[in-house]
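One-letter residues, chain by chain:
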2 protein chains.
Amino acid sequence: MINELVKNIKAKDAPIVVGLDPMLSYIPEFIVDEAFAAYGKNLAGAAEAIWQYNKGIIDATYDLIPAVKPQVAMYEQFGIEGMKAFRRTCNYAKSKGLAIIGDIKRGDIGSTSEAYAIGHVGKVTIGDHSFSPFVEDFITVNPYLGSDGVKPFIKVCKEEKKGMFILVKTSNPSSGEFQDQLVNGTPLYEIVAKKVAEWGEDHMGDDYSYVGAVVGATYPEMGAALRKIMPKNFILVPGYGAQGGTGKDLAPFFNEDGLGAIVNSSRGIICAYKKAPYSEKFGPENYADASRQAVLDMKEDLKNAFVK
Amino acid sequence: MINELVKNIKAKDAPIVVGLDPMLSYIPEFIVDEAFAAYGKNLAGAAEAIWQYNKGIIDATYDLIPAVKPQVAMYEQFGIEGMKAFRRTCNYAKSKGLAIIGDIKRGDIGSTSEAYAIGHVGKVTIGDHSFSPFVEDFITVNPYLGSDGVKPFIKVCKEEKKGMFILVKTSNPSSGEFQDQLVNGTPLYEIVAKKVAEWGEDHMGDDYSYVGAVVGATYPEMGAALRKIMPKNFILVPGYGAQGGTGKDLAPFFNEDGLGAIVNSSRGIICAYKKAPYSEKFGPENYADASRQAVLDMKEDLKNAFVK
């Protein structure tokens, strides 16, 4: 999938992933009302609203972007019904040619890590048949448990030609509490990055590894150092837009080939209709058009990352 | 819930939690066959087998133990149907008076962490009603993202009087890759432990905090140091039995009051019928009785933790 993701990014000329992280409060009232009318004011109604909202955004943006990144927590909070909406969203985005990055941040050890990988990017064997419980192409993985935790994910990804992004330096203000701790002068996130580079060698695509990293847009100077430590690992960059990162901050995350990073925006795209300048032009009924315009503007802004 | 967990541990005289981490290969054939006959050789059939297997173990052990710890990955690998079996297992164990520790190892930031907490130990509000998507009493949490990641879990736990165990030092061989890195002479896991102690002050029960820690039985000397750093935080101890820890290794995890830790065994209990000495006495049809005997033996072995 990393080769396809790279191909997708080149074809769309947009190293952009749209974060499908729906909250009920983001969804235009007309969608919520219709969903409640059909399924009731309950978990099923909420899940239907999320799915319809996502579908609108996917329909309005799929020709512009290479990938979407649904945040599973936003679905898991609606229980079984939410997980159905997660699966449905992934399936639909896939049918539109998009790569699916499941933002699941799972991490455990041995057969438990393998079970997560099987569930999200693999196949589970039952009798003589195998089934794909969820259908992501990439997942995000937490490295705190070390190689025992990460390698089972890599094993399944190799079998399935799927990929992953391992948390290295996250975009949040307190990410430094543990990640920035200095070990003989080297911050922990660099130690993790070195491991990511090493793990990545075990599952290479054509130019980049199937094993990538997550590095927040909010830390561009660290991005520069990490880009060098992990030259062959794609970097998934959260924190653009709502969390404060801008196009100019993103230059350090890319390689000379203009590749090597994919930048996520969630609220900035999916809630565009609620915020200036979009709220003036687009009402809730045109929320999907507002998302499309926000993607176009993000694409333009990202060009600043490549201005020397 | 931490007060109730302590009460439960005292009443059962057993600081034991049974890990409900079912793999299809663990489940006696007669259960799998019946489930497949009823639902087909598919995800629903597999989920039914898991549920029936769990029910047997809960029925045979609930009077001996204070809590169960279902590992969500083992359910998630069977997709939506697996998650239904997870919920059903939690609900049933709860109806038997057991505390539920959801081993979910989630970790994210802000509203995303909050969404996980709402989904697993909280309530989601839809219109004028609120729903409990999943029904755990405690969850396990990954600390890699720092306070921004953990505090939203604590917020929801305070509202719901629920609790959590934060990964500090995990039981696996490679846990040291990142967790043991020395920061000015102090291992990272101790830095995390200090934070757990600090976070825990914000959500105290009678004698112990609602915020606990995970420390592997396989590292007893570290357990001793961590016990001192976190005197008011309950320690969930994995790695007993199948992973190599024994009763004698567990002394350092407990406080003078004989409390402060709860020891998990998964395969050692739920697969007892497959292993000596139980396999000689119990066949697959008596797998639940074998689990009961294994709990009784574990209880006996744990007494060694308290022999001075």
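Residues numbered from 1 in each chain as written. Chains lettered and ligands numbered in written order. Predicted model: local features only at pLDDT ≥ 70, side-chain atom pairs only at ≥ 80, totals over all residues. Heavy atoms only, no water.

A. The arrangement of the sheet that holds strand β7 (residues 163-169) of chain A in detail. All names here are of chain A. Here eight strands make up a closed barrel; going around it, the order is β1-β2-β3-β6-β7-β10-β11-β12 and the pairing parallel. With strand direction ignored, the average angle separating the axes of adjacent strands in the sheet is 30°. By the bridge criterion, three bridges tie strand β3 (residues 99-106) to strand β6 (residues 138-141) in an arrangement that is parallel. When the sheet's bridge partners are listed, Arg106 is paired in β6 with Val141. Across the face of the sheet, helix α9 (residues 188-201) comes into contact with β7, β10 (209-215) and β11 (233-237) while running at roughly 160° to β7. (Pairing = 2+ DSSP bridges. Helix = DSSP H or I, 4+ residues; strand = E, 2+ residues; numbered from the N terminus. Axes fitted to C-alpha atoms, helices over the stretch in contact; angles between N-to-C directions. Contact = heavy atoms within 4.5 Å.)

B. Molecular detail of a negative patch on the surface. Residues and elements named next belong to chain A. Together, Asp206, Asp207, Glu256 and Asp257 make up a region of like negative charge exposed at the surface. Looking at the element boundaries, Glu256 is found in the loop between β11 and β12 (261-265). With relative accessibility at 78%, the residue Glu256 sits in the exposed group. (Patch = residues over 30% accessible without salt bridge, like charges linked within 9 Å, V, L, I, M, F, W, Y side chains within 5 Å. Areas by Shrake-Rupley, 256 points an atom, 1.4 Å probe, with all protein chains shown as cover. Salt bridge = Lys/Arg side-chain N within 4 Å of Asp/Glu carboxyl O. Lys, Arg positive; Asp, Glu negative; His and termini not counted. Charge placed at Lys NZ, Arg CZ, Asp CG, Glu CD. Buried < 20%, exposed > 50% of the residue type's maximum accessible area, 1.4 Å probe, protein only.)

C. View of the side chain of Asn264 of chain B. Residues and elements named next belong to chain B. Following the sequence through the fold, Asn264 ends up in strand β12 (residues 261-265). Under the relative-accessibility criterion, Asn264 is labelled buried at 5%. At 3.1 Å, the side chain of Asn264 forms a polar contact with the side chain of Ser266. Ignoring any residue separated from it by four or fewer positions in sequence, one finds Asn264 in contact with Val17, Val18, Gly19, Lys69, Leu236, Val237, Pro238, Gly239, Tyr240 and Met298. (Polar contact = N/O pair within 3.5 Å; in protein donor to acceptor, adjacent residues only side chain to side chain.)

D. Main features of the packing of aromatic side chains. All names here are of chain A. Summed over the entire model, instances satisfying the criterion amount to 16 aromatic pairs over all chains. On the numbers, 6.3 Å between centres and 70° between planes, the contact of Tyr273 with Tyr287 is edge-to-face. Placement of the pair is Tyr273 in the loop between α11 (267-270) and α12 (278-281) and Tyr287 in helix α13 (residues 287-302), with a sequence separation of 14 residues. We note that Tyr273, like Tyr287, is buried. A cation sits over an aromatic face here: Lys96 above Tyr62, 4.8 Å from the ring centre. (Phe/Tyr/Trp six-rings, centres within 6.5 Å; stacked < 30°, edge-to-face > 60°. Lys NZ or Arg CZ within 6 Å of the ring centre and 35° of its normal.)

E. Here's a closer look at the relation of the copies chain A and chain B. Least-squares fitting of chain A to chain B yields an RMSD of 0.0 Å, with the transformation described by 0.0 Å of translation along the axis and a rotation of 180°. Such a combination of rotation and displacement between the chain copies is what one expects of a two-fold axis. The position closest to the rotation axis in chain A is occupied by the C-alpha of Val183 of chain A, lying 2.5 Å away. (Least-squares fit on C-alpha atoms with pLDDT ≥ 70 in both.)

F. Structural view of helix α6 (residues 110-121) of chain B. All names here are of chain B. The first and last C-alpha atoms of α6 sit 16 Å apart over twelve residues, in line with the 16 Å expected at 1.5 Å per residue. α6 sits mainly inside the fold: nine of its twelve residues count as buried. Those residues of α6 not exposed but buried are Thr112, Ser113, Ala115, Tyr116, Ala117, Ile118, Gly119, His120 and Val121. (Expected span 1.5 Å × (residues − 1).)

G. A look at the sheet that holds strand β1 (residues 16-20) of chain B. Residue and element names in this part refer to chain B. Here eight strands make up a closed barrel; going around it, the order is β1-β2-β3-β6-β7-β10-β11-β12 and the pairing parallel. When strand polarity is set aside, the average angle formed by the axes of neighbouring strands in this sheet is 30°. Where strand β10 (residues 211-215) lies against strand β11 (residues 235-237), two bridges are found, and the strand directions are parallel. When the bridges of β11 are listed, Ala213 appears paired with Ile235.

The values reported here are purely geometric and, on their own, carry no functional implication.
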